[in-house]
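A look at the structure
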Amino acid sequence: MQQISEKRYKITEWILHMDILIMGVGAGMLMPLLGNYMLNYRMMSAVLVGYVTGFKMVSQDVMMLFGGIIGDRAGCRQTMAIGSFVRALGFLLFGLLTSFEGYMAAGFFSGFGGALFVPATYAFYAGFSNEQNRTHMYSLREVMNNMGNIVGPVIGSFLFQFNFTLVCIASACAYTFVGIVTLFYLPNISISQNKESIAQTIKTCIKNTRYIAFLFVIVLLAMLNSQLNLAIPVRIKAVDPKYMNVGIIYTVSAIIGVALQMPVVRFIKNNISNYTALAVSTLLYAGGLFVMGLIPTIWSIYLGTMIFTFGKIIYQPIKNMAVADYAEEGKISSYFGFQGLALALGSFVGNVSGGFTVSFTQLVPPAKRRGLLSVGCVAFIKKIVGKVCNELLSG
């Protein structure tokens, strides 16, 4: 990254964190309510809701490779701004369209916007920081995102009392504002220069065998991570017919993230390896979902969400630091983008299989459901994640 004055550095850092905060507010207003709205107000089946949310995630994650390459070539500032505008369009369409096809289109634009700004943002953070403060910067980024996720559901729940379209408009305005601020106030710098074609970039990433092994872990974690936005509305429907707790649950989760993000990541950095940390986050993901599914009470949903949140606290910054470490010089954004293919596979399989599982288990007696879930969790953690993490540790 080109040299800038200390004053300009501080201003840029502040703008970056404010961008993340406002985007967290925008997404927090809409995303926790979207699954609940489609499932319980539009009366869509869990399978269709899984298709919409899964398609949104896949649109983002698959296209992140192209977004990463664009970020490396065109510059992070421009890519971040354009991505914010495209996501604003997608969020707006969620409020204007009412058909399944319309929601799929909205999901595509929401996801494609994320495909542009997510790798560019992470690459900007990587280039803007150094070895000494990179962990702090990534952790602070997650804190700002969680702070947005605290405020967002509160605002979204308030606006939802009047109209769901109003929620979508407010979310779109938040991303539009971020796009304008990013375009006009972040420095116009290029932190990397990647002139390879898409095929050459893919080949370069594939040749990095430890990075590919790491992505296998990310696929499995993405499958678990994608379950939360479907699991909560499904469980809420069973135990809280008035849906009074949806926004509160997400807010509590975000508060935990803000309070514990920095100390937890600091402890992990000083005491255990990144891959051991990812294994722990997998256990917490599976444990949180297990608690939510095992006990049919509102308190089990709160407890399960809190356990799940501890997994996310560990997973997000550790994942980002690992990708930045694996990336070759000049290809940081591309490496973050290539990671999107792993996230896409995990998110799609997780959302679609989750929707089918919800529909299928309605026909299975509760005792058998619990038994199958227990066996599946143990097999998943012990056989797959443990094996790949051990390979990474020994590499």
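Quick look at the structure, then. What you see is a predicted model, and the numbers here were worked out from it, not measured in a lab.

Moving on, we get to the pattern of salt bridges. Close approach of charged atoms allows side chains of opposite charge to pair. The tally for this structure, following the rule as stated, stands at one salt bridge. Where arginine 141 meets glutamate 142, a salt bridge forms, and the shortest distance between an N and an O atom there is 3.3 Å.

A cluster of nonpolar side chains, contributed by Phe85, Ile180, Phe184 and Tyr185, occupies part of the molecular surface with about 430 Å² of accessible area. Among the elements that line the nonpolar patch, the one with the most residues is helix H6 (residues 164–185), at three residues. Its location among the elements puts phenylalanine 184 in helix H6. Note on phenylalanine 184: relative accessible area 60%, which makes it exposed.

Ranked by size, the top nonpolar core spans 97 residues in total, and within it Phe94 and Phe214 carry the most contacts. The dominant element in this core, judged by the number of residues it contributes, is helix H1 (residues 6–40), at 15 residues. The residues touching phenylalanine 94, leaving out its near neighbours within four places in the chain, are Leu30, Leu34, Val52, Tyr103, Ala106, Gly107, Ser110, Phe164 and Cys168.

Next up on the list: unusual backbone geometry. Positive phi is not limited to glycine here, since methionine 43 has a value of about 60°. Counting through the fold element by element, methionine 43 comes out in the loop between H1 and helix H2 (46–74).

On to the packing of helix H5 (residues 134–160) against H6, then. Remark: H5 packs on H6, axes separated minimally by 7 Å, with the N-to-C direction vectors making an angle of 145°. Touching Gly156, Leu159 and Phe160 of H5 are Phe164, Leu166, Val167 and Ala170, all from H6. Considered class by class, the residues forming the contact of H5 with H6 number six nonpolar, one polar and no charged.

Cut-offs used in this document
- Residues numbered from 1 in each chain as written.
- Predicted model: local features only at pLDDT ≥ 70, side-chain atom pairs only at ≥ 80, totals over all residues.
- Heavy atoms only, no water.
- Salt bridge = Lys/Arg side-chain N within 4 Å of Asp/Glu carboxyl O.
- Patch = residues over 30% accessible without salt bridge, like charges linked within 9 Å, V, L, I, M, F, W, Y side chains within 5 Å.
- Areas by Shrake-Rupley, 256 points an atom, 1.4 Å probe, with all protein chains shown as cover.
- Helix = DSSP H or I, 4+ residues; strand = E, 2+ residues; numbered from the N terminus.
- Buried < 20%, exposed > 50% of the residue type's maximum accessible area, 1.4 Å probe, protein only.
- Core = buried A, V, L, I, M, F, W, Y, C linked by side-chain atoms within 4.5 Å.
- Contact = heavy atoms within 4.5 Å.
- Axes fitted to C-alpha atoms, helices over the stretch in contact; angles between N-to-C directions.
- Nonpolar A, V, L, I, M, F, W, Y, C, P; charged D, E, K, R; others polar.

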